[in-house]
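# Structural features, examined
Now for the letters of each chain:
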Amino acid sequence: MKLADKVLEGDIRAAAKLMRAIEDESTSAIDELCAIYPHTGKAYIVGLTGAPGVGKSTLINNLINVFRTKGIKIGVVAVDPTSPFTGGAILGDRVRMQQHGLDEDVFIRSMATRGWMGGLAKATLGMLHVMDAMGKDIIMVETVGVGQSEVEIAKVADTSILVLSPASGDEMQMIKAGIMEIADIFVVNKADRGGAENIAGAIEFMLSMKTYLPGDWRPCTILCEAVYGKGSEQLVTEILKHKDYMTSCGLLERRRKERARLEVNEAIEGSIASFMHQSLENGGEIEKLVDEVAQRSCDPTSAALKIIEQFSKRFHTTQE
Ligand SMILES: Nc1nc2c(ncn2[C@@H]2O[C@H](COP(=O)(O)OP(=O)(O)O)[C@@H](O)[C@H]2O)c(=O)[nH]1
Ligand SMILES: [Mg+2]
């Protein structure tokens, strides 16, 4: 039986195996993902973004508990391998899966961040599809919102939550990264510490400068104390409120189309690149140009243009 079929039956080990294949960028993962794709698109994606240490993972642990009391099945993709998760979750790696008494309706997978911009977004989307196919209702994605690829990931979420905390000093970085703009809900965590009200006030001030038309979603700011579980109920209520809003005004459909566009574009880029490499590699054309670049008799951009030119010539000859 194919891995995809097992995933669709809710086989946890198969899901963990497929996720590893996705992370390793193994070619078999592409076929399996194609097979599960028609069965995805049901899960709702919630992104939690914020600087390291603001309390995203702690918040997610709380949110899982609240969602579970409502019978909602949860998936979590943490784009940060150091994120600590507790409770009755099934962690998608071999070691922790051995634990007993686990909640089968919670599946958590951590992912190592890597240097390549496209790779991270692509792998994250792959993980989302697997959890979606497993029948998870809500999938939370934890990202550190500082790099460009993390902003890209944040854009795929149906509801985006920006988590800040007093004295983390990264507010400016968030504004620069454009994360403030895409947040649907603001959380000021560690409200047990001084200064939380100031940050909340600054966010509210920023929001008050914007014009909202009737029917627009106006983000709100929620104070949380994640270590004490405070604020989680309110946060869940707000997430579900935003989910209703997204669904009823047709924005959810638009967001999903954008996600599809991102994936098609990534697939085009990936396919063209591998097609070109396959067709030119045997003739040694790429290798020759790489040598020229290494010896500085050609620059990388000109080399790439020559490769594309050679490819299109060859492509046209085979078409005639
Ligand atoms: N004082 C205080 N500490 C918190 C709160 N929430 C989380 N922390 C602590 O902050 C640290 C980082 O939390 P973590 O959830 O791993 O942050 P992440 O990097 O954003 O995922 C941990 O030691 C938490 O116990 C809070 O509300 N108040
Ligand atoms: Mg974390």
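Note that the structure is a prediction, hence the values are computed from the model and not measured. (Residues numbered from 1 in each chain as written. Chains lettered and ligands numbered in written order. Predicted model: local features only at pLDDT ≥ 70, side-chain atom pairs only at ≥ 80, totals over all residues. Heavy atoms only, no water.)

Looking now at a nonpolar patch on the surface. Residues Val264, Ile268 and Ile272 make up a contiguous nonpolar surface patch of roughly 250 Å² in combined accessible area. Note that Ile272 resides in helix α11 (residues 251-281). Using a relative accessible area of 44% as the deciding quantity, one classes Ile272 as partly exposed. (Patch = residues over 30% accessible without salt bridge, like charges linked within 9 Å, V, L, I, M, F, W, Y side chains within 5 Å. Areas by Shrake-Rupley, 256 points an atom, 1.4 Å probe, with all protein chains shown as cover. Salt bridge = Lys/Arg side-chain N within 4 Å of Asp/Glu carboxyl O. Helix = DSSP H or I, 4+ residues; strand = E, 2+ residues; numbered from the N terminus. Buried < 20%, exposed > 50% of the residue type's maximum accessible area, 1.4 Å probe, protein only.)

Counting along an α-helix, one turn takes 3.6 residues, and residues three or four places apart therefore face a common direction. The terminal C-alpha atoms of α11 lie 44 Å apart, and with 31 residues this matches the ideal 45 Å at 1.5 Å per residue to within 8%. Among all positions in α11, only Leu252, Arg259, Glu266, Met276 and Leu280 are buried. (Expected span 1.5 Å × (residues − 1).)

Turning to the layout of surface pockets, a few remarks are in order. If a probe the size of a water molecule is rolled over the atoms, the empty space left behind becomes visible. When its volume is computed, the largest pocket comes out at roughly 760 Å³. Forming the boundary of the largest pocket are 24 residues, of which Ile30, Leu33, Lys122, Glu266 and Ala267 lie nearest the centre. Looking at the lining of the largest pocket, the elements with two or more residues in it are α3 (27-36), α5 (117-133) and α11. The element that contributes the greatest number of residues to the lining of the largest pocket is α11, accounting for 9 residues. Split into classes, the residues belonging to the lining of the largest pocket amount to 11 nonpolar, 9 polar and 4 charged. Built from parts of two domains, the lining of the largest pocket gets at least three residues from each of domain 1 (41-249) and domain 2 (265-319). In this model, the second largest pocket occupies a volume close to 570 Å³. Along the walls of the second largest pocket sit 26 residues, with Glu181, Ile182, Asp184, Leu251 and Arg255 positioned nearest its centre. When residues of the lining of the second largest pocket are traced back to their parent elements, those giving at least two are α6 (148-156), α8 (179-182), α10 (232-248) and α11. With 6 residues, α11 is the largest single contributor of residues to the lining of the second largest pocket. (1 Å grid on protein atoms, 1.4 Å probe; cavity = no way out; pocket = protein on both sides within 12 Å on 5 of 7 lines; lining within 4 Å. Points joined across faces, edges and corners; volume = space filled by probe spheres on them. Nonpolar A, V, L, I, M, F, W, Y, C, P; charged D, E, K, R; others polar. Domains from an automatic or database assignment.)

Looking now at the confidence of the model for the protein. Mean pLDDT for the protein: 84, with 84% of residues reaching 70 or above. Looking at the elements of the protein, mean pLDDT is at its lowest for helix α7 (residues 171-177), recorded as 57, and at its highest for α10, recorded as 97. The low-confidence segment residues 94-101 (pLDDT under 50) makes 10 contacts with residues lying over four places distant or belonging to another chain. (pLDDT = per-residue confidence, 0-100. Contact = heavy atoms within 4.5 Å.)

We now examine the packing of aromatic side chains. A complete count under the given rule lists 1 aromatic pair for this structure. Their ring planes at 40 degrees and their centres at 5.5 Å tell us that Trp217 and Tyr245 sit as a pair that is tilted. Of this pair, Trp217 sits in the loop between α9 (196-208) and β8 (220-223) while Tyr245 sits in helix α10, placing them 28 residues apart in sequence. Using a relative accessible area of 14% as the deciding quantity, one classes Trp217 as buried. The ring of Tyr44 has Lys243 sitting right over it, with the charged end atom 5.6 Å from the ring centre. (Phe/Tyr/Trp six-rings, centres within 6.5 Å; stacked < 30°, edge-to-face > 60°. Lys NZ or Arg CZ within 6 Å of the ring centre and 35° of its normal.)

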